[in-house]
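The chain contents come next:
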Amino acid sequence: MQTILVTGGAGFIGANFILKARKAQWANIVNLDKLTYASNLQSLVDLQEDPNYYFIQGDIGNLELVRYLLDQYQPNAVINFAAESHVDRSILSPQNFIQTNIVGTFHLLEASKAYWQKLTSPKQEQFRFLHISTDEVYGSLNPNDPPFKEDNPYLPNSPYAASKASSDHLVRAYHHTYGFPTLTTNCSNNYGPFQFPEKLIPLTIINALNGKPLPIYGNGQNVRDWLYVKEHCDAIYLVLKEGIIGEAYNIGGLNEQTNLSVVEKICTILDELVPKSDFRHSSLISFVKDRPGHDWRYAIDSSKISNNLGWQPKENFDSGLLKTVQWYLNNSAWVESVQTSSYQNWIKQNYEKR
Ligand code: NAD
Ligand code: TYD
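What counts and how
Residues numbered from 1 in each chain as written. Chains lettered and ligands numbered in written order. Predicted model: local features only at pLDDT ≥ 70, side-chain atom pairs only at ≥ 80, totals over all residues. Heavy atoms only, no water. Helix = DSSP H or I, 4+ residues; strand = E, 2+ residues; numbered from the N terminus. Rg over C-alpha atoms; globule rule 2.2 N^0.38 Å. Contact = heavy atoms within 4.5 Å. Lys, Arg positive; Asp, Glu negative; His and termini not counted. Charge placed at Lys NZ, Arg CZ, Asp CG, Glu CD. Near = heavy atom within 4 Å. Polar contact = N/O pair within 3.5 Å; in protein donor to acceptor, adjacent residues only side chain to side chain. Nonpolar A, V, L, I, M, F, W, Y, C, P; charged D, E, K, R; others polar. Expected span 1.5 Å × (residues − 1). Buried < 20%, exposed > 50% of the residue type's maximum accessible area, 1.4 Å probe, protein only. Arc of directions from axis to C-beta. Core = buried A, V, L, I, M, F, W, Y, C linked by side-chain atoms within 4.5 Å. Pairing = 2+ DSSP bridges. Axes fitted to C-alpha atoms, helices over the stretch in contact; angles between N-to-C directions.

Draft legend 1. Quick peek at the overall build of the protein. Along the backbone of the protein there are 13 helices and 12 strands. Against the globule reference of 20 Å for 354 residues, the protein gives a C-alpha radius of gyration of 20 Å, in line with a compact fold. By principal-axis analysis of the C-alpha atoms, the protein measures approximately 70 × 45 × 40 Å. Pairs at least 24 residues apart make up 82% of the contacts formed inside the protein by residues separated by at least 6 positions. Here the protein contributes 30 positively and 35 negatively charged side chains, and the mean placements of these two sets differ by 2 Å.

Here it is as structure tokens:
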């Protein structure tokens, strides 16, 4: 069986990927994660007894550590999920985004390239470095613009998007210059189990359950494309197995929604599952000061991965959202474990002055 070095596997998408990879026996997994505020090892508690899953706490920017792990575990692939990932935090303090997303990815590329160069020729041919990125690198769309294609220009607007764009460029350059076997995926907004409640969907669910205001930036008409996280994980594995070296693949849910509509749908689900006698959850909706530089719309043209690799999103948004809300209702211990004092401080910092 293959071994994959996954970075950032204690975060939202990485944890979903690892759980799926171990369940489906895709590969043995070595998980390197720094354990920032966004991580949660409880997400991976089901793998505690799994002899083919290894966890190492550490930074992708630690060249020595990454070199050691590559030599020790001899992976056939590296999948780089590790990143600072929240736009609002990148606006308030961009430093960590530069450090992890750009400098960290650079060190990870350096160590991985050196490891790959020492492999035997058949193992070199098998090896892949898959970089997980975002549609936000393409900038913002107007209402009637066509969705992002892989050859759209990079026009990032937030420090987060700019740092991810930089890392994508480094990955591209390592393929072009050194022949290093890279792949990049650019995905739209994910939702599902284990997402840290600073992002719109889990924040809305948790605030609504606590009877707190549901903050909507601006007029709530900004549009995002939403993909159920497990479908993203399938697409990642497919690109790893069958993607053409050096190429990028856009991944999306064919599911554009305004933020207001997303929040209203969550409220309707909660009215059904946890009805309140004295109020409807939508009465908690509160329009607040907009995010600076707030991108208007993201939409993905995923015809490349669909035509070339046969991947299509199948989950219907209403059923995916229902499953997600149910997951947060059924996992109150996980939810409580992430609501630390540093989380409360973040909520204060981001929302108090809005
Ligand atoms: P997340 O913030 O939930 O998790 C990130 C993980 O990376 C955390 O476990 C954190 O501890 C770890 N990490 C951070 N800095 C690190 C470092 N220097 N070294 C090692 N580990 C480090 O993020 P996510 O939502 O799971 O996103 C994963 C990847 O997918 C990111 O690269 C993100 O840009 C990309 N992406 C996310 C979305 C989305 O909607 N969440 C959409 C498209 C692309
Ligand atoms: P978010 O989940 O932070 O993802 P991203 O900024 O990467 O798209 O935000 C999704 C959308 O929801 C985005 O348009 C900003 C908006 N939003 C709110 O309206 N209120 C909030 O409290 C948050 C966190 C986001």
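Draft legend 2. Spotlight on the site of ligand 1. Within the structure, ligand 1 sits among 28 residues, and Ile-13, Asp-33, Ser-85, Tyr-160 and Lys-164 are positioned closest to it. Within the backbone of Ile-13, a nitrogen or oxygen atom sits 2.8 Å from an oxygen atom of ligand 1. At a separation of 2.7 Å, an oxygen atom of ligand 1 approaches a polar side-chain atom of Tyr-160. Contributing elements (two or more residues each) for the shell around ligand 1: helix H1 (12-23), strand E5 (128-134), helix H6 (159-178) and strand E7 (189-191). Sort the elements by how many residues they give to the shell around ligand 1 and E5 lands first, with three residues. Along the lines of polarity and charge, the residues of the shell around ligand 1 split into 12 nonpolar, 12 polar and four charged.

Draft legend 3. How the structure looks around helix H11 (residues 317-330). Under the 1.5 Å per step criterion, the end-to-end length of H11 is 20 Å for 14 residues, consistent within 8% with the ideal 20 Å. Restricting attention to buried positions, one finds in H11 the residues Phe-317, Gly-320, Leu-321, Thr-324, Val-325, Trp-327 and Tyr-328. Within H11, the buried residues cover an arc of 155 degrees as seen down the axis, which keeps them to one side. The inward-facing, buried residues of H11 abut E7, helix H7 (200-209), strand E9 (223-228), strand E11 (256-258), helix H9 (259-273) and helix H12 (332-338).

Draft legend 4. The nonpolar core, seen in detail. Phe-17, Ile-79 and Ile-201 are the most contacted members of the largest nonpolar core, which has 69 residues in total. Residue contributions to this core peak at eight residues, all from helix H8 (residues 229-242). In contact with Ile-79, other than residues within four places in its own chain, are Ile-4, Leu-5, Val-6, Thr-7, Phe-17, Leu-130, Ile-132, Ile-236 and Leu-240. Counting residues in each nonpolar core, the second largest holds 22 residues, with Leu-65, Val-66, Leu-70 and Tyr-115 among its members.

Draft legend 5. Fine view of the sheet that holds strand E10 (residues 248-251). The seven strands lie next to each other as E3-E2-E1-E4-E5-E6-E10, forming an open sheet whose pairing is parallel. The open sheet has two edge strands, strand E3 (53-57) and E10, and neither has a second partner. Going across the sheet, the axis of each strand differs from the next one's by a mean of 20 degrees, ignoring polarity. Bridge analysis of strand E4 (residues 77-80) against E5 gives four bridges, and the strand direction is parallel. Each bridged residue has a counterpart across the sheet, and for Ala-77 the counterpart in E5 is Arg-128. Running at roughly 165 degrees to E3, helix H2 (residues 63-73) makes contact with strand E1 (3-7), strand E2 (28-33), E3 and E4 of the sheet.

Draft legend 6. Summary view of the sheet that holds E7. What the three strands build is an open sheet, ordered E7-E9-E11; its pairing is mixed. The strands lining the two open edges of the sheet, one partner per strand, are E7 and E11. Each adjacent strand pair in this sheet contributes to an overall mean axis angle of 50 degrees, direction not counted.

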